[in-house]
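Structural description and commentary
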Amino acid sequence: MGCCGSTESKREWKPLEEHSCTDIPWLIIFTLFCIGMACICGYPIATGGAARLVFGYDSYGNTCGKNNTKIEGVPLSGRDMTENKFVFFLDPCNIDLINRKIKSIALCVSKCPSTELTTYSDLKQFALNNGSNLCSYDLTPTRYTTYSSEKSTKCPKLPVPPSKSVLLFRRCIPTDISCYTQFAKAFMTFVSDNTVLQRVISGVMASKEIIIGLCILALVLSLIMMVVIRYISQLLVWILTVLVIIGSTGGTGVLWWFYVDHRKALNSNTTSVFGKEVASDNVKALLFYAIGATIFTVVLLLVMFFMRKRVALTISLFHVAGKVFIHLPLLVLQPFWTFLCLILFWIYWIGVLLFLGTTGTPVKNNSTGVVGYEMQGPLQFLVWYHVVGLIWISEFILAFQQMTIAGAVVTYYFTRNKSQMPATPIISSMARTIRYHLGTLAKGSFIITLVKIPRLILTYIHSQLKGKENACARCMVKACVCCLWCLEKCLAYLNQNAYTATAINSTSFCTSAREAFLILVENALRVAAINTVGDFVLFLGKILIVSCTAFAGVLALNYQRDYTVWVLPLLIVCVFAFLVAHCFLSVFENVVDVLFLCFAVDTKYNDGSPGREYYMDKALMEFVENSKKMGWKKPDDGDGREMKPMARGTSA
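Residues numbered from 1 in each chain as written. Predicted model: local features only at pLDDT ≥ 70, side-chain atom pairs only at ≥ 80, totals over all residues. Heavy atoms only, no water.

1. Focus on the overall build of the protein
If you tally the helices and strands in the protein, you get 18 helices and eight strands. Burial statistics for the protein: of 652 residues in total, 42% are counted as buried. In the protein, once contacts between residues fewer than 6 apart in sequence are set aside, the share between residues at least 24 apart is 71%. Within the structure as shown, the protein displays about 34200 Å² of accessible surface, and the carbon and sulfur contribution to it stands at 67%. (Helix = DSSP H or I, 4+ residues; strand = E, 2+ residues; numbered from the N terminus. Buried < 20%, exposed > 50% of the residue type's maximum accessible area, 1.4 Å probe, protein only. Contact = heavy atoms within 4.5 Å. Areas by Shrake-Rupley, 256 points an atom, 1.4 Å probe, with all protein chains shown as cover.)

2. Some points on the nonpolar core
In this structure, Val324, Leu331, Tyr413, Leu441, Val591 and Leu595 are the most contacted members of the largest nonpolar core, which totals 69 residues. Sort the elements by how many residues they give to this core and helix α17 (residues 567-605) lands first, with 15 residues. Residues contacting leucine 441, with those up to four places away along its chain left out, are Phe396, Ala399, Phe400, Met403, Thr433 and Tyr499. By size, the runner-up hydrophobic cluster in this structure holds 30 residues, among which are Tyr60, Ala106, Cys135 and Cys155. (Core = buried A, V, L, I, M, F, W, Y, C linked by side-chain atoms within 4.5 Å.)

3. Section: helix α10 (residues 334-357)
Working note: α-helix, 3.6 residues per turn, so residues spaced by three or four point in the same direction. For α10, which comprises 24 residues, the first-to-last C-alpha distance of 34 Å matches the rise-based estimate of 34 Å (1.5 Å per residue) to within 8%. Buried within α10 are the following residues: Gln334, Pro335, Thr338, Leu342, Phe345, Trp349, Gly351, Val352, Phe355 and Leu356. (Expected span 1.5 Å × (residues − 1).)

4. A word on the side chain of threonine 22
Within the secondary structure, threonine 22 is located in the segment before α1 (24-47). Assessed through its relative accessible area of 1%, threonine 22 is described here as buried. Polar side-chain contacts of threonine 22 include one of 2.6 Å to the side chain of threonine 440. (Polar contact = N/O pair within 3.5 Å; in protein donor to acceptor, adjacent residues only side chain to side chain.)

5. Let's talk about the environment of isoleucine 350
Looking at the secondary structure, you find isoleucine 350 in helix α10. On the accessibility criterion, isoleucine 350 (45% relative accessible area) is partly exposed. In this structure, the C-alpha to C-alpha distance between isoleucine 350 and histidine 386, residues 36 residues apart in sequence, is 9.9 Å.

6. Focus on the confidence of the model for the protein
Keep in mind that low pLDDT regions are not for reading the predicted coordinates in detail. Residues of the protein with pLDDT of at least 70 account for 74%, and the chain-wide mean is 76. Predicted confidence in the protein is weakest over helix α6 (residues 194-206), with a mean pLDDT of 53, and strongest over α1, with 93. Every residue in residues 1-13 scores below 50 in pLDDT, and together they form 30 contacts with partners more than four places removed in sequence or on other chains. Low confidence marks residues 636-652, where pLDDT is under 50. Its contacts with residues over four positions away, or in another chain, come to 50 contacts. (pLDDT = per-residue confidence, 0-100.)

7. A word on the pairing of strand β4 (residues 106-109)
Where burial is concerned, the two faces of β4 agree: the one with Ala106 and Cys108 and the one with Leu107 and Val109 are both buried. The pairing of strand β1 (residues 86-89) with β4 spans four bridges and is classified as antiparallel. By the bridge assignment for β4, valine 87 is matched with cysteine 108. (Pairing = 2+ DSSP bridges.)

8. Quick word on unusual backbone geometry
At the junction of leucine 158 and proline 159, the peptide bond is cis and its omega measures out at -5 degrees in the coordinates. Looking at the secondary structure, you find proline 159 in the loop between α4 (151-154) and β5 (163-165). Although it is not a glycine, aspartate 23 adopts a positive phi angle of roughly 55 degrees. By secondary structure assignment, the location of aspartate 23 is in the segment before α1. The exposure class assigned to aspartate 23 is buried, which follows from its relative accessible area of 0%. One non-glycine residue, serine 506, lies in the positive phi region at around 55 degrees. Relative to the assigned elements, serine 506 resides in the loop between α14 (471-505) and α15 (509-522). Overall, the relative accessible area of 1% leaves serine 506 in the buried class.

9. Things to note about the packing of α1 against helix α11 (residues 381-413)
For any two helices packed against each other, the geometry is given by the interaxial angle and the distance between the axes. One can describe the packing of α1 onto α11 by two numbers: an axis separation of 10 Å at closest approach and a directional angle of 130 degrees. Judged by the angle between their axes, α1 and α11 are oblique. Remark: the crossing between α1 and α11 carries left-handed chirality. Of α11, the residues touching α1 (which contributes Ile29, Phe30, Leu32, Phe33, Cys34, Gly36, Met37, Ile40 and Tyr43) are Leu382, Tyr385, His386, Val388, Gly389, Trp392, Ile393 and Phe396. (Axes fitted to C-alpha atoms, helices over the stretch in contact; angles between N-to-C directions. Parallel < 35°, antiparallel > 145°, perpendicular 65-115°, else oblique. Left-handed = near helix turned anticlockwise from the far one by under 90°.)

10. Comments concerning the pattern of salt bridges
Between side chains of opposite charge, pairing is possible as soon as their charged atoms come close. Per the stated rule, a full pass over the model turns up five salt bridges. The partner of lysine 452 in a salt bridge is glutamate 395, and the shortest N-O contact between them spans 2.6 Å. Of this pair, lysine 452 sits in helix α13 (residues 438-464) while glutamate 395 sits in helix α11, and the two are 57 residues apart along the sequence. In terms of burial, lysine 452 and glutamate 395 fall into one category: buried. Between lysine 604 and glutamate 522 there is a salt bridge; the shortest N-O distance is 3.1 Å. Taken together, the residues span a long stretch of sequence, with lysine 604 in helix α17 and glutamate 522 in helix α15 at a distance of 82 residues. (Salt bridge = Lys/Arg side-chain N within 4 Å of Asp/Glu carboxyl O.)

11. Regarding the packing of α10 against α11
Remark: α10 packs on α11, axes separated minimally by 10 Å, with the N-to-C direction vectors making an angle of 170 degrees. With respect to their mutual orientation, α10 and α11 come out roughly antiparallel. The segment α10 lies against α11, with Gln334, Pro335, Thr338, Cys341, Leu342, Phe345, Trp346, Trp349, Val352, Leu353 and Leu356 engaging Val383, His386, Val387, Gly389, Leu390, Ile393, Ser394, Ile397, Leu398, Gln401, Thr404 and Ile405. Residue classes in the contact of α10 with α11 are distributed as 16 nonpolar, seven polar and no charged. (Nonpolar A, V, L, I, M, F, W, Y, C, P; charged D, E, K, R; others polar.)

12. Brief notes about the state of the cysteines
Applying the stated criterion across every chain yields a total of three disulfides. Through a disulfide, cysteine 112 is tied to cysteine 172; the S-S separation comes to 1.9 Å. Taking the sign of the S-S torsion, about -75 degrees here, the bridge from cysteine 112 to cysteine 172 comes out left-handed. Here cysteine 112, found in the loop between β4 and α3 (120-130), pairs with cysteine 172, found in strand β6 (residues 172-174); they are 60 residues apart in sequence, far enough to count as distant. (Disulfide = S-S within 2.5 Å.)

13. Regarding the environment of leucine 570
Assignment of secondary structure puts leucine 570 in helix α17. With 18 residues separating them in the primary sequence, leucine 570 and alanine 552 have C-alpha atoms 9.9 Å apart.

14. What to know about the packing of aromatic side chains
Under the criterion given, the structure shown has 13 aromatic pairs. Where tryptophan 26 meets phenylalanine 446, the ring centres are 5.2 Å apart and the plane angle is 45 degrees; that geometry is what we call tilted. Taken together, the positions of tryptophan 26 in helix α1 and phenylalanine 446 in helix α13 put the pair 420 residues apart, joining distant regions of the chain. According to the relative accessible area criterion, phenylalanine 446 is partly exposed, its value standing at 22%. For the pair phenylalanine 345 and tyrosine 348, a centre-to-centre distance of 6.4 Å together with 35 degrees between the ring planes defines the contact as tilted. (Phe/Tyr/Trp six-rings, centres within 6.5 Å; stacked < 30°, edge-to-face > 60°.)

Shown next, in the form of structure tokens:
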């Protein structure tokens, strides 16, 4: 990961001129934690849990495709299943969503039925022809056609749908869509008519080409939006300003007009006694609303007046962010790499979780006779360790993207001659992050994990106890969840700026967070303007992408009039479009935030004089010049003659 020797405790603030490893102890802790995650994966592989998941096992503890050992107290265990390599469920559509399993007896068979079997004679003939017994092991094929009460529990439910085995997991999965309809119906209990649900699913299957095409359209629109937003950001900001002014003043005027009108009606004595009481209450309510709206409008207009120069800064930052994407086009691919890494990790995490579900000691259910596997004793905590790993490593991957973007944008901002930039700034930023700053990412992501875990636990407790606790307890739990959510968002924003400070000056996480926080406090009004106006402009971009994709979907689906239910296809497309737009425009938002911190540092420690020239782009320089003409003063940096060094640190 790169080893670095000791450096001086303090140096002058010189962006990108010196790099050193940061938060090495946290890198060691994170490495040990990842080794523990790997050991959790190795445990089910070594004890046979992974083999039971991959090859499948029946309801009596026999692993399909292997010669098994006897389980005490289970007569049908310990059978040689070398030739029986597939798992067959007697009732594959009976799914228990709460326990996440199929509520059916499972058997190991040598072949899945490829055609529908409607009678017990068909079951007998299939067993004799293929050597694949679809009833319980203690029921021979010759007894399939004889009357017996055991057939209802030991033989499959008739008719047996045709099925085929999955490529990797050897399970006999029904090919009939009606089984999937029943599965979907368990999720969508509000749909009372099963035929409607079948039409919805059929519409999705028939429209899959259109759905794929619309998803590609959403990707293209997101890429176009990232380019276009550079040129239309100023227009959007001023449109937003006008709409806010018109909406607030107009709404306040309407409330006062209603108040005057109701007041005149009350004084005219044209209503009954009961009507006068109602009218009096309405007049009081309208007066209260009108006064509140007036105060809100006055405060809003004052804030917008004092923040008008900050809005101009937001426009300049958007303009420079567009230039950043021109010089760093690979930034557009960051959501792809991050999404790919997250998907691969989540697949691995789910796979290990499934391994753990088939690991442990065989336990027989005395009521059903079915054998399951459970981890007992301290091994039960492996699942909780695995859950913490899901949150921490996912946050680490997201933090790596933020640090990569920050490093590339910092390189762009603090390089005076853009022709001297590295050939691949994104790759250089990734390499610099891997070599020097993985410990900082581990520490920052762990802080988010510490806040997210109790929030998720409280959310789960609230959902489990819903309707059982009193209103006061429910309100307290919701308040705690809300507070933790707000804290998480604040820490995430501070972390992002701390990563930027680390990319600039190669300081430890705590040192970077402290320096970034002080700079943000000094520029509080600017931060508020960027996080309100800028975020709203990006939100408009997301809504525009979703709207265009949905409109194109309506036009495309209009040619498939046989499928009248368009709700689910359009919902899938709109959700995908919003997620894609959010991923891409979030990168744009990150770039703007990094540029702002660089700009704030630049204006704090430089003044444009010889030896202290600005690093900023021409658009930001014009903003500074205009601000100086209007009497703007830069934040105090001491005596104003020499640059204040940013304190360095190793680990905090």
